[in-house]
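Each chain is listed here by its residues.
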Amino acid sequence: MSKITINQLHMALYEANSIMLTVHVRPDGDAIGSMVAFYEALIAQGKTVHMVVDDIIPERYSFLSYIDQIKDVAYYEANHVSVDMLMVLDASTYERIGRVGALFSAPIFNIDHHISNSEFADHLYLKPEFAATGEIITDLCEQWNWPITESMANALYMAIATDCGFFKFSNTTANTLKMASLCVAAGARPNVISETIEAVSAARLELTKQVMQTIAFYKDNRVATIELSPEVMAILGDDTDGFVDIIRNVDTVDVAILLKGESPNRTRISLRSKGTDVNAIANHFGGGGHIRAAGCTIETSIDEAKSRLLEVIK
Ligand SMILES: [Mn+2]
């Protein structure tokens, strides 16, 4: 592995004719938005570009241009293509790209912003001070004078906005707002993106009422937990965004914990904080992420996972 500079990245992209783009499993707004925007930018540079994700693309992203060009792993198993470069966006470990890694033998490039990046790629362009991979892609387009079209602008704005809580989280910097500003100047519609991404169904709100019954507070209300039982998870699938924000927004809360029961003996944890280093807490359980947003999986029930976490949190 080696870390590369922006100029080395530019040269590698210049020299590659065919590029396979991918992102992490359970793709979020940043992953999807960054990928379709980079796809369009690379096409404009005359490249042959493909997109593959080893997961389902959530319906709410269907408003984005080129979203229908994203294929699954089965497609490329049946339709073999050889590429000059496998470009991994927004994924911090090799495991996070699922079965895509085994499918291509090309050198792996990685553009990412996770401080916990495992440096798995052959060539890594890492910007941990950036709030989103979308912020990095916007910056690259700006620095290289690659035009940002209206469709790219909408995708990149969504990518940036969803990774910084629509500019409310502590990872929001002057550069984050500057890159978002470039997107708006290029035609992104903040209100339309916000309404599209944050829309909820009546059924989902009914479920939220149920989930809110699980909220609990600990350590002088500095720590709050919210639980999604395996039964609730079966209905929600990966659509679990927003639950952690309900408790995160409580005035006294520093550490907000979302416990997702994947099965009776496997609990996936999302940690958010206003000050505490939750990357360190996630590391303790073999996970990681950012200082104020991290995750891990504990191979126990929700109740047991919760007590183990509360033991580690000061
Ligand atoms: Mn991201």
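Residues numbered from 1 in each chain as written. Predicted model: local features only at pLDDT ≥ 70, side-chain atom pairs only at ≥ 80, totals over all residues. Heavy atoms only, no water.

Asker: What am I meant to see in the coordination of the manganese ion here?
Answerer: Between any two of four tetrahedral donors, the ideal angle at the metal is 109.5 degrees; between two of six octahedral donors, it is 90 or 180 degrees. Each protein donor to the manganese ion is listed here as Asp30 (OD), Asp90 (OD), His113 (NE2) and Asp163 (OD); together their distances run 2.1 to 2.3 Å. Considered as a linear motif, the donors of the manganese ion on their single chain read D-x59-D-x22-H-x49-D. Note that His113 is positioned in the loop between strand E6 (108-112) and strand E7 (123-126) and Asp163 in helix H6 (residues 150-163), a separation of 50 residues in sequence. Taking the relative accessible area as the measure of exposure, His113 reaches 1% and is therefore buried. Using a relative accessible area of 17% as the deciding quantity, one classes Asp163 as buried. (Donors = N, O, S within 2.8 Å, 3.2 Å for Na, K, Ca; no water. Helix = DSSP H or I, 4+ residues; strand = E, 2+ residues; numbered from the N terminus. Buried < 20%, exposed > 50% of the residue type's maximum accessible area, 1.4 Å probe, protein only.)

Asker: Quick question: what am I supposed to make of the UniProt feature "domain: DHHA1" (unreviewed entry) in the protein here?
Answerer: This chain's UniProt record puts "domain: DHHA1" (unreviewed entry) on residues 239-313. Annotated as 32% helix and 33% strand, the span residues 239-313 places its first and last C-alpha atoms 27 Å apart. (UniProt positions renumbered as here; feature names shortened; annotations may be inferred.)

Asker: For this particular structure, what's the right way to read the pairing of strand E11 (residues 266-273)?
Answerer: Side-chain positions along a regular strand alternate between the two faces of the sheet. Most of E11 sits out of view: six of its eight residues are buried. As paired strands, strand E10 (residues 255-263) and E11 are joined by eight bridges and run antiparallel to one another. Residue pairing across strands places Gly261 opposite Thr267, the latter belonging to E11. Between E10 and the antiparallel strand that follows it, E11, lie two residues. (Pairing = 2+ DSSP bridges.)

Asker: So what exactly am I meant to see when it comes to the UniProt feature "domain: DDH" (unreviewed entry) in the protein here?
Answerer: When the UniProt feature table is mapped onto this chain, "domain: DDH" (unreviewed entry) is found at residues 19-160. Helix makes up 34% of residues 19-160 and strand 18%. Its end C-alpha atoms lie 23 Å apart.

Asker: Sorry if this is basic, but what is going on with the domain arrangement of the protein here?
Answerer: By convention, interface size is frequently given as the accessible area that disappears when the constituent parts associate. Annotation of the protein at the domain level lists domain 1 (2-197) and domain 2 (202-312). Each of domain 1 and domain 2 has a C-alpha centre, and these two points are 27 Å apart. Tallying the contact residues gives nine residues for domain 1 and 12 residues for domain 2. Both faces combined, the contact of domain 1 with domain 2 buries some 880 Å², and carbon together with sulfur accounts for 43% of it. Here domain 1 is connected to domain 2 by one salt bridge. In this structure, the salt-bridge partner of Glu262 is Arg26, at a minimum N-O distance of 3.0 Å. Connecting domain 1 to domain 2 are two residue pairs in polar contact (both at pLDDT 80 or more). (Domains from an automatic or database assignment. Contact = heavy atoms within 4.5 Å. Buried area = accessible area lost by both parts, 1.4 Å probe. Salt bridge = Lys/Arg side-chain N within 4 Å of Asp/Glu carboxyl O. Polar contact = N/O pair within 3.5 Å; in protein donor to acceptor, adjacent residues only side chain to side chain.)

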